[in-house]
Amino acid sequence: MLSRFQRPALPGWVGCVPLGDSVRLACVERAEGQRPSVRWVAEDDWSQAGSTLRRLRGSRNLGRHQLVALLQRGQYQMVPLDVFEVPREEWKQALRWQFKDLVSFAVDQAAIDLLEIPAPPAGSARARVLAVAAAQDEIERLAEPARDARTPLKAIDIPETALRNISSLVEPAERAQALLYVGPYSLLVITAGGELVQARALDLTAAQVALPDDDASRQACFDRAGLELQR
């Protein structure tokens, strides 16, 4: 009797970035000791997310890659918080209630993750973290179509940590680094030791920077961005 074996997983991660009714995808592989390489990119319809993922499962072998989806700005909240003097394994629960007055959704069902901020060389009396919270509805809006299409998500990321991962690839040893992303919105991240130290949204878009016939407005955008970078 023949056995039915599952096809082996393919190398690389596929990033999935929903943008309203469209979605952008990129498959990235990283061999041992080498820099990542982009194998393919695609843009597709997202108005029927499950149908699109099922189709990509066949055309792009999506079910055999590790799939990560990206939450968009406004679908989560990230704030720096002090950690109470409790054991590390209790940090999430202790910090969950600090979000009660900061978000508009129920924190008892929210997805929460913590990014520990590297301590300065002189040390710090209390640990600080970047706490990220997203409503369960936002998580399920990404996870449910992926489950239905048999392309389950390996992770759900946010722009700040996605940019951190890029910055850490070229970060100088024993030095911090700033990376500025300019697109539909702008985001400045500062990393040190491969970890996210700070993130800040800037009032700047790629459309403003690319204005072809308005040098004054474009220069004002650059000046505003430069001021934010100096801060």
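Up top is the structure.
Since the structure is predicted, the reported quantities are computational estimates derived from the model, not experimental observations. (Residues numbered from 1 in each chain as written. Predicted model: local features only at pLDDT ≥ 70, side-chain atom pairs only at ≥ 80, totals over all residues. Heavy atoms only, no water.)

### Here we look at the layout of surface pockets
No. 1: Estimated volume of the largest pocket: approximately 1,500 Å³.
No. 2: V68, L70, D157, A162 and N165 are the residues nearest the centre of the largest pocket, which is lined by 43 residues in total.
No. 3: Of all the elements in the fold, those that place two or more residues in the lining of the largest pocket are β1 (13-19), β2 (22-29), β4 (66-70), β6 (111-116), β7 (128-134), β8 (153-157) and α4 (159-169).
No. 4: The element contributing the most residues to the lining of the largest pocket is α4, with nine residues.
No. 5: Taken together, the residues that form the lining of the largest pocket break down as 32 nonpolar, six polar and five charged. (1 Å grid on protein atoms, 1.4 Å probe; cavity = no way out; pocket = protein on both sides within 12 Å on 5 of 7 lines; lining within 4 Å. Points joined across faces, edges and corners; volume = space filled by probe spheres on them. Helix = DSSP H or I, 4+ residues; strand = E, 2+ residues; numbered from the N terminus. Nonpolar A, V, L, I, M, F, W, Y, C, P; charged D, E, K, R; others polar.)

### Re helix α6 (residues 215-230)
No. 1: An ideal rise of 1.5 Å per residue puts 22 Å on 16 residues; α6 measures up with 22 Å between its terminal C-alpha atoms.
No. 2: Buried within α6 we find R218, C221, A225 and E228. The arc that holds the buried residues of α6, viewed along the axis, is 85°, so those residues lie on one side. Residues of α6 that are exposed and point more than 90 degrees away from the buried face comprise D215, A216 and Q230.
No. 3: Packed against the buried residues of α6 are β10 (186-192), β11 (195-202) and α5 (206-209). (Expected span 1.5 Å × (residues − 1). Buried < 20%, exposed > 50% of the residue type's maximum accessible area, 1.4 Å probe, protein only. Arc of directions from axis to C-beta. Contact = heavy atoms within 4.5 Å.)

### Quick look at the state of the cysteines
No. 1: For the structure shown, the criterion picks out zero disulfides.
No. 2: You can see C16 has no disulfide; the closest cysteine sulfur is in C27, sitting 13 Å from it.
No. 3: By relative accessible area, which is 1% here, C27 ends up buried. (Disulfide = S-S within 2.5 Å.)

### Topic: the sheet that holds strand β3 (residues 37-45)
No. 1: Strand order in the open sheet made by the five strands is β3-β2-β1-β4-β8, with mixed pairing throughout. At either margin of the open sheet sits one strand with a lone partner, and together these are β3 and β8. On average, each strand axis in the sheet is inclined to that of its neighbour by 20°, with strand direction left out of account.
No. 2: The sheet contact formed by β1 and β2 spans seven bridges and is antiparallel. Bridging from a neighbouring strand, W13 pairs with V28 of β2. (Pairing = 2+ DSSP bridges. Axes fitted to C-alpha atoms, helices over the stretch in contact; angles between N-to-C directions.)

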